[in-house]
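Here is how the chains run, residue by residue.
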Amino acid sequence: MSEQVIGRDGEIVKRDETVVRPLNRWSTTVHLLLQHLHDKGIENCPRLVTVEGEYNEVLTFVSGDCYDYPLQGAIASELALESAAKLLRRLHDASADFLSLHQHEDLVWMLPSREPYEVICHGDYSPYNVALSGEQVSGVFDFDTAHPAPRIWDVAYGVYCFAPFKTDPVDALGSLSEQVQRTRLFCDAYQLLEKDRQLLVDTMVMRLQTLVDFMHQQAQQGNAQFVANIRDGHDKAYIKDIDYIKENHQIITAGLLD
Ligand SMILES: Nc1ncnc2c1ncn2[C@@H]1O[C@H](COP(=O)(O)OP(=O)(O)OP(=O)(O)O)[C@@H](O)[C@H]1O
Ligand SMILES: [Mg+2]
């Protein structure tokens, strides 16, 4: 048996072809979602192998290359961007009947649900939560943040992460016009409707503000991970990005519409 730490200061371990991760209050709901996605023919996400005692879940390992910011190499390619958007569309379509099939169960999500409940959003659909085969996004993991919400809620966050509209000098990529072009490619590949394109920038701002508020609320309740995030200035970085997106509202929206 081989074991290798792959995340969160030793809390996430690759064991042979599985991943061992800590269980959370919402894990049973996430396991139902992963099973549902597989039942719908989505093989690009982990499967639950087993739950070990009270503390750990064992998931299948999603094969492929993993990346993080700054986006360089295959993850920065247009093919990665478009295949990421297409996979997000498939996840959303496959999840659309999840709530109606599980309406008699007590579902628990990490993040607050947001109406209208069109699909189950991944909640953190970003370059660091997908796996690539060459330049093609071939897998997705880390469903802890999944929650019911409209499609655009996830598309907005995906665009923010993949365009990316990040102002931090390490995380930023390309000029504004390149970011707008990448936003367009992502929305076209997702086949985002025109009414949602009109709302995309406002939704991006709301999505990021909701994230900042959630971080502050969790830190106030003593959640160590969020206390550390705020100490490291993550909330301030998001607030700068919100300002950047707001400043360029018109340019981004114009680039999305014909
Ligand atoms: N099922 C999986 N298949 C393949 N790789 C995985 C899987 N789950 C996790 N990983 C790898 O472990 C890393 C951390 O896991 P994950 O994204 O699930 O947790 P996280 O909460 O984002 O942790 P961290 O704070 O370390 O990013 C991922 O970036 C990925 O490289
Ligand atoms: Mg992750």
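Residues numbered from 1 in each chain as written. Chains lettered and ligands numbered in written order. Predicted model: local features only at pLDDT ≥ 70, side-chain atom pairs only at ≥ 80, totals over all residues. Heavy atoms only, no water.

> Would you mind showing me how to read helix H4 (residues 151–162) here?
One full turn of an α-helix is made of 3.6 residues, so residues set three or four places apart face in the same direction. Spanning 12 residues, H4 covers 16 Å between terminal C-alpha atoms, matching the ideal 16 Å at 1.5 Å per step. Across the 12 residues of H4, 12 count as buried, placing the element largely inside the fold. Those residues of H4 that fall on the buried side of the exposure criterion are Arg151, Ile152, Trp153, Asp154, Val155, Ala156, Tyr157, Gly158, Val159, Tyr160, Cys161 and Phe162. (Helix = DSSP H or I, 4+ residues; strand = E, 2+ residues; numbered from the N terminus. Expected span 1.5 Å × (residues − 1). Buried < 20%, exposed > 50% of the residue type's maximum accessible area, 1.4 Å probe, protein only.)

> Explain the site of ligand 1 to me, please; I cannot follow it from the model alone.
Arg8, Arg21, Thr60, Val62 and Asp142 are the nearest of the 15 residues found near ligand 1. At 3.1 Å from an oxygen atom of ligand 1 is found a side-chain nitrogen or oxygen belonging to Asn129. Asp142 places a side-chain nitrogen or oxygen 2.7 Å from an oxygen atom of ligand 1. Sorting the residues of the shell around ligand 1 by element identifies strand E1 (3–7) and strand E3 (18–22) as the ones contributing at least two each. The residue inventory of the shell around ligand 1, partitioned by class, reads nine nonpolar, three polar and three charged. (Near = heavy atom within 4 Å. Polar contact = N/O pair within 3.5 Å; in protein donor to acceptor, adjacent residues only side chain to side chain. Nonpolar A, V, L, I, M, F, W, Y, C, P; charged D, E, K, R; others polar.)

> Whenever I open this one, the coordination of the magnesium ion (ligand 2) confuses me. Can you help?
Perfect tetrahedral coordination of a metal by four donors corresponds to 109.5 degrees between them, and perfect octahedral coordination by six donors corresponds to 90 or 180 degrees. Protein-derived coordination of the magnesium ion (ligand 2) comes from Asn129 (OD1) and Asp142 (OD), at a distance range of 2.2 to 2.3 Å. Of this pair, Asn129 sits in the loop between strand E6 (119–121) and strand E7 (130–133) while Asp142 is found in the loop between strand E8 (136–140) and strand E9 (147–149), placing the two residues 13 residues apart along the sequence. A relative accessible area of 3% means that Asn129 is categorised as buried. Owing to a relative accessible area of 23%, Asp142 belongs among the partly exposed residues under this scheme. (Donors = N, O, S within 2.8 Å, 3.2 Å for Na, K, Ca; no water.)

> Looking at this structure, how should I read the sheet that holds E3?
To summarise the sheet geometry, strands pair through backbone hydrogen bonds and adopt either a parallel or an antiparallel arrangement. An order of E1-E2-E3-E5-E4 is seen for the five strands of this open sheet, with the pairing classed as antiparallel. The sheet terminates laterally at E1 and strand E4 (48–52), the two strands that pair on one side only. Pairwise comparison of adjacent strand axes, ignoring direction, gives a mean angle of 25 degrees for this sheet. Where E3 meets strand E5 (residues 56–60), five bridges bridge the pair, whose relative direction is antiparallel. From the neighbouring strand, Val19 faces E5, where its bridge partner is Leu59. (Pairing = 2+ DSSP bridges. Axes fitted to C-alpha atoms, helices over the stretch in contact; angles between N-to-C directions.)

> Just to check I follow, could you spell out the environment of Gln179 for this structure?
Inspection of the secondary structure assignment puts Gln179 in helix H5 (residues 176–190). On the accessibility criterion, Gln179 (3% relative accessible area) is buried. A sequence separation of 17 residues divides Gln179 from Phe162, and the C-alpha atoms of the two residues are 8.7 Å apart. Aside from chain neighbours lying at most four places away, what touches Gln179 is Ala163, Pro164, Phe165, Leu173, Gly174 and Tyr244. (Contact = heavy atoms within 4.5 Å.)

> Would you take a moment to explain the side chain of Arg151 for this structure?
Note that Arg151 resides in helix H4. Excluding its chain neighbours within four sequence positions, the residues that come into contact with Arg151 are Arg89, His92, Asp93, Glu118, Val119 and Tyr190.

> Please clarify how the pattern of salt bridges should be interpreted in this entry.
Any two side chains of opposite charge can pair if their charged atoms end up close together. One pass over the structure, following the stated rule, counts 16 salt bridges. For Asp188, the salt bridge is made with Arg197, and the minimal N-O distance between the two is 2.9 Å. Residue classification places Asp188 among the partly exposed positions, given a relative accessible area of 35%. Residue Arg197 is classed as buried on the basis of its relative accessible area, which comes to 10%. One connected set of salt bridges, linked through shared partners, spans Arg8, Glu11, Arg21, Glu57, Asp142 and Asp144. (Salt bridge = Lys/Arg side-chain N within 4 Å of Asp/Glu carboxyl O.)

> Is there a simple way to think about the packing of aromatic side chains in this case?
What describes a pair of aromatic rings is the distance from one ring centre to the other and the angle between the planes of the rings. Taken as a whole and judged by the stated rule, the model has eight aromatic pairs. When the centroid spacing of 6.1 Å and the interplanar angle of 40 degrees are considered together, the rings of Tyr125 and Phe162 count as tilted. Taken together, the residues span a long stretch of sequence, with Tyr125 in the loop between E6 and E7 and Phe162 in helix H4 at a distance of 37 residues. With a relative accessible area of 0%, Phe162 lands in the buried category. (Phe/Tyr/Trp six-rings, centres within 6.5 Å; stacked < 30°, edge-to-face > 60°.)

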